[in-house]
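Secondary and tertiary structure notes
Below, each chain spelled out in residue letters.
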Amino acid sequence: MQTLHVELGERSYPIYIGSGLLARPALLAAHIAGRQVAVVTNETVAPLYLQTLLQSLAGFNVTSVVLPDGEAHKNWETLQLIFDGLLSARHDRRTTVIALGGGVIGDMAGFAAACYQRGVDFIQVPTTLLSQVDSSVGGKTGINHPLGKNMVGAFYQPKAVLIDTASLETLPARELSAGLAEVIKYGLICDEPFLGWLEANMSALRNLDQGALTYAIERSCAAKARVVGADERESGVRATLNLGHTFGHAIETEQGYGVWLHGEAVAAGTVMALEMSYRLGWLSAAERDRGIHLLQAAGLPVVPPQDMGPEQFLEHMAVDKKVLDGQMRLVLLRHLGEAVVTADYPREILDATLRSDYRALAQSLTS
Ligand code: NAD
Ligand code: GLY
């Protein structure tokens, strides 16, 4: 087992990474203050992993809240089901909420923990690649609004993150690829040598090679922990973690939550950020294409939805959380491995980026 740390003063916490950790009771018990625990999961993950987790929680007074599965349920109605479960089982302020599932469960259970009786402890037990490399670390919690992705939420750090890499064995291939979008993101924004490693190991990752997956998770979590430790509430460098997300969130909202997976929308959005960085003269065509190739090799879409033009993108991008005082700040790449957050770009470059023929670009790379 490897242990990393998110350094945030009194809110610091460990990230445990290893195979079979769900069945290690002591790891959880060390972070549970009272006797009451509420496990929040969903109807897909519960039959796979809830029993093992409950066995590790023997001796605690445990309530399980099993939610409907999917991004389309990341909303007020489903959040209410968590509060219903907590209140009907009389959970008090020493309760610990455990999120068992992907990023949707982690974001919602974390938000519920932030709100329940003005805040109770919570632990992240992420079971998708995306949640293991990104969403479980850093304390962003929340739900979607019909007008904007993740628009209602709170910064609320977990007490611990327990990553059982064996849980990836049941993950559908499409979901694994979605997680790889966020892994590739770390290489693009802050770790250029990691891109070379990913190019060499993409097949191993997609074939669920445990050694390769564990290495990619550790390197991703280390990057995320560094960034969050430096800028917990996103007043600076943390915004670079949103490479491709401003375009991607527009895709998710416009297409309907869950139609494009979050990681898929981030992948297509990252291609748009690469293209804009190229148009600004910051990346060469070869560097842009290297990023796109890697996303393709991960089995991800690299062409935004054909039914979305500049108007649809701009409508959704205007409500992005990086918009400040009406200025649309974007995460772009100065170089591979170096991201900036800026509103200082010619408007015509953004317009040209939104009008680019990504289908032709993708075809030119595969032919
Ligand atoms: P998800 O939570 O919807 O999980 C994907 C699918 O995999 C679901 O159907 C889920 O039930 C299933 N699943 C989970 N674990 C499984 C397993 N081990 N075996 C088989 N099936 C399994 O999606 P996700 O990609 O994990 O997370 C996406 C969400 O995370 C989005 O809502 C996004 O906004 C959010 N997110 C948050 C942050 C953050 O910092 N808080 C960062 C990135 C993404
Ligand atoms: N996923 C972006 C962040 O945690 O800041």
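Below is a short write-up of the structure. (Residues numbered from 1 in each chain as written. Chains lettered and ligands numbered in written order. Predicted model: local features only at pLDDT ≥ 70, side-chain atom pairs only at ≥ 80, totals over all residues. Heavy atoms only, no water.)

This brings us to the site of ligand 2. Taken together, the neighbourhood of ligand 2 is formed by D134, K140, K224, E234, R238, L241 and N242. Here K224 contributes a side-chain N or O atom positioned 2.5 Å from an oxygen atom of ligand 2. With the chains in place, 90% of the 200 Å² that ligand 2 exposes on its own is no longer accessible. Across the shell around ligand 2, the residue classes break down as 1 nonpolar, 1 polar and 5 charged. (Near = heavy atom within 4 Å. Polar contact = N/O pair within 3.5 Å; in protein donor to acceptor, adjacent residues only side chain to side chain. Areas by Shrake-Rupley, 256 points an atom, 1.4 Å probe, with all protein chains shown as cover. Nonpolar A, V, L, I, M, F, W, Y, C, P; charged D, E, K, R; others polar.)

What follows concerns unusual backbone geometry. Backbone geometry at Q117 places phi at a positive 50°, although glycine is not the residue there. Relative to the elements of secondary structure, Q117 occurs in the loop between α4 (103-115) and β6 (121-126). (Helix = DSSP H or I, 4+ residues; strand = E, 2+ residues; numbered from the N terminus.)

All right, on to the sheet that holds strand β2 (residues 13-18) then. Strand order across the open sheet formed by 7 strands is β1-β2-β9-β6-β5-β3-β4, with mixed pairing between neighbours. The strands lining the two open edges of the sheet, one partner per strand, are β1 (2-6) and β4 (61-67). For this sheet, the mean angle separating the axes of adjacent strands, direction not counted, is 20°. In the sheet, strand β3 (residues 36-42) pairs with strand β5 (residues 96-101) via 4 bridges, with the strands oriented parallel. Considered in β5, the bridge of V40 is made with A99. Together, β3, β4 and β5 form the strand contacts of helix α2 (residues 46-56), whose direction differs from that of β3 by roughly 165°. In the packing of helix α8 (residues 210-230) onto the sheet, contacts are made with β1, β2 and β9 (160-164), and the angle to β1 comes to roughly 20°. (Pairing = 2+ DSSP bridges. Axes fitted to C-alpha atoms, helices over the stretch in contact; angles between N-to-C directions. Contact = heavy atoms within 4.5 Å.)

Here we take up empty space enclosed by the protein. Counted according to the given criterion, the structure contains 2 cavities of 30 Å³ or more. Considering only enclosed or pocket space, the largest cavity measures out at about 70 Å³ in volume. In terms of lining residues, the largest cavity is bounded by 13 residues, among which K149, H249, H316, V319 and D320 are the most central. Of all elements in the fold, only β8 (148-155), α9 (245-255) and α12 (310-317) reach the threshold of two or more residues within the lining of the largest cavity. The dominant element in the lining of the largest cavity, judged by the number of residues it contributes, is α9, at 4 residues. When the residues that make up the lining of the largest cavity are grouped by side-chain class, the tally is 5 nonpolar, 5 polar and 3 charged. Approximately 30 Å³ is the volume attributed to the second largest cavity. Surrounding the second largest cavity, N242, L243, G244, H245, T246, F247, A273, L330 and V331 form its lining. Per element, the largest residue contribution to the lining of the second largest cavity is 3 residues, and it comes from α9. Of the residues assigned to the lining of the second largest cavity, the class counts are 5 nonpolar, 4 polar and no charged. (1 Å grid on protein atoms, 1.4 Å probe; cavity = no way out; pocket = protein on both sides within 12 Å on 5 of 7 lines; lining within 4 Å. Points joined across faces, edges and corners; volume = space filled by probe spheres on them.)

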